[in-house]
Amino acid sequence: MSSNQFFPNKPVPPQKLVGRKSEISIIFDQINNRGHVAIHGSSGMGKSSLLQYIKSRHFWDDKGLNFSEALIVYHNCEGLFTPNSFWQEILQELKNEAEGDTDLEGKIDDVLKLETIEIRDIRRILKQIGKRDKFLLLLLDDYHGILRTREDYNKGEPKSTEMEAFLSGLRNLAVHNTEGQYFSTVVAAFQKVDELGPEIPRGGSPWYNHYLYVDLKPFSQEDIDNYFFNPDGHFFISIPDNIQKEKVLEMTGGYPILLQRAGYIFSQSDRDIDINTFKAEFKNQTEYIFKDIWRELTVDEQQLLQLIVIDNFNGEVRGKRYSVYDIDKVFRGNRSKLTALEQKGIIYNDPEQNKYNFSSSLMQDLVVKEFGEGIS
């Protein structure tokens, strides 16, 4: 199979998206009812691919929705952020979507000329969209780029008050009796949005309680067999006879981007490639993904992963001895955090060994490396 059948460095084209049927159904229902969705999942879980699918005609046709009814604006939230620059970019893209409707384009231009764009200005645009029997669908990728982490706010950057006003305004648009009929959002971040962003002030309303959460998890074994080891599928991974499939799977952990990368490497390699050569190449091409996953974790989660390494290595890691005393007690006291790590597809609980193991052996390798060198 040609290497161009795999997409390890960019979102999967909408016409080739596989799986995620239940997640897509939930998102469809929310959009159809002008609701709001917050997708969360680790790096490489396919969040951007899913947003690109929602943006495409394929999503609308598959669900029997009228594609022309929505004015769809996709925006990546990484980079420097101010509320004004955000709305400037959103409205400029909305103007592009409204091309041909000179009246609406003119009204958007009027707002773009303002020195400061406020929520009431966005409401006026939504009313105009509603008069045309349309609605604005806002797709915000890498939403954590705006929200940042709680640690960022503790350092005082960005200013919490400015962010609180922006997030409250976005919620106000979503729940407003009139304009909310013409507005739907789907945001994607590496964590639940309520675990990011500014703390809610005493007596304040949660800025995130209008979102329905959709958790993107690694593919199940059934999904992997159907989508990646089915000769008739888009992404059939042809593994040489001298390599066991299980050896490959223990490196991917069911992550879509890692399965794509594995397929890409095999498609470019000679059929006599051995497992060690594959692992070295796979590790070289995917280390940045595992580093991203590590950085996305909280300090508590990182420490729990290190404890799992200590437990599984019987206390000896990189030539140093660590105490294993009361590790089980620590695990019992952090059950919810460990469950969150399981939901992210980073670890799993092996009932036979009564131990936590890493879904990907390469993630374990990275955590081992962290003991001695740190993650750059």
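Residues numbered from 1 in each chain as written. Predicted model: local features only at pLDDT ≥ 70, side-chain atom pairs only at ≥ 80, totals over all residues. Heavy atoms only, no water.

Draft legend 1. Main features of the packing of aromatic side chains. Enumeration over the complete set of coordinates arrives at 19 aromatic pairs. Taken together, a centroid distance of 5.8 Å and an interplanar angle of 80° make the contact between tyrosine 53 and phenylalanine 59 edge-to-face. Judged by centre distance (5.3 Å) and plane angle (70°), the ring pair of tyrosine 322 and phenylalanine 371 falls under edge-to-face. Placement of tyrosine 322 in the loop between strand E7 (320-321) and helix H15 (327-333) and of phenylalanine 371 in helix H17 (residues 361-372) is noted, with a sequence separation of 49 residues between them. These aromatic residues form a ring-pair network of at least three members: Phe6, Phe7, Phe219, Tyr227, Phe228 and Phe235. Above the face of the phenylalanine 135 ring, arginine 34 is positioned so that its terminal group lies 3.6 Å from the ring centre. One residue, lysine 245, lies across the ring of phenylalanine 229, its end atom 4.8 Å from the ring centre. (Phe/Tyr/Trp six-rings, centres within 6.5 Å; stacked < 30°, edge-to-face > 60°. Helix = DSSP H or I, 4+ residues; strand = E, 2+ residues; numbered from the N terminus. Lys NZ or Arg CZ within 6 Å of the ring centre and 35° of its normal.)

Draft legend 2. Quick peek at the side chain of arginine 20. Tracing the sequence through the fold places arginine 20 in the segment before helix H1 (21-32). Within the structure, the side chain of arginine 20 is placed 2.8 Å from the backbone oxygen of lysine 217, a separation counted as a polar contact. Setting aside its immediate chain neighbours within four residues, arginine 20 contacts Met45, Leu216, Lys217, Phe219 and Pro256. (Polar contact = N/O pair within 3.5 Å; in protein donor to acceptor, adjacent residues only side chain to side chain. Contact = heavy atoms within 4.5 Å.)

Draft legend 3. Region of the structure containing the sheet that holds strand E1 (residues 36-40). A sheet is described by the order of its strands in space; here five strands give the open sequence E2-E3-E4-E1-E5, paired in parallel fashion. What marks the edges here is a single partner per strand, and that holds for strand E2 (70-76) and strand E5 (211-215). Direction aside, neighbouring strands of the sheet carry axes that sit 15° apart on average. In this sheet, strand E3 (residues 135-141) lies alongside E2 in parallel orientation, the contact comprising seven bridges. If you follow isoleucine 72 over to E3, its bridge partner there is leucine 137. Packed onto the sheet, helix H4 (residues 83-97) meets E2 and E3 and runs at close to 140° relative to E2. (Pairing = 2+ DSSP bridges. Axes fitted to C-alpha atoms, helices over the stretch in contact; angles between N-to-C directions.)

Draft legend 4. Representation of the nonpolar core in the model. Core analysis: the largest hydrophobic core is formed by 74 residues, its most contacted members being Ile39, Ile54, Val186, Leu305 and Met363. Not counting residues within four places of it along the chain, the set of residues in contact with valine 186 comprises Ile27, Ile31, Val37, Ile39, Leu51, Ile54, Leu137, Leu138, Leu139 and Leu140. In this structure, Leu71, Cys77, Leu170 and Ala174 belong to the second largest nonpolar core, which totals 41 residues. (Core = buried A, V, L, I, M, F, W, Y, C linked by side-chain atoms within 4.5 Å. Buried < 20%, exposed > 50% of the residue type's maximum accessible area, 1.4 Å probe, protein only.)

Draft legend 5. Representation of the packing of helix H11 (residues 245-252) against helix H13 (residues 275-296). Orientation of H11 relative to H13, taken along the N-to-C sense of each, is 15°, at an axis distance of 11 Å. Classed by the angle they form, the pair H11 and H13 counts as roughly parallel. Note that H11 runs across H13; the crossing there is right-handed. Note on element contacts: H13 touches H11 through Ile275, Phe278, Lys279, Phe282 and Phe290, opposite Lys247, Val248, Met251 and Thr252. Split into classes, the residues belonging to the contact of H11 with H13 amount to six nonpolar, one polar and two charged. (Parallel < 35°, antiparallel > 145°, perpendicular 65-115°, else oblique. Left-handed = near helix turned anticlockwise from the far one by under 90°. Nonpolar A, V, L, I, M, F, W, Y, C, P; charged D, E, K, R; others polar.)

Any functional reading would require information beyond the geometric quantities listed.
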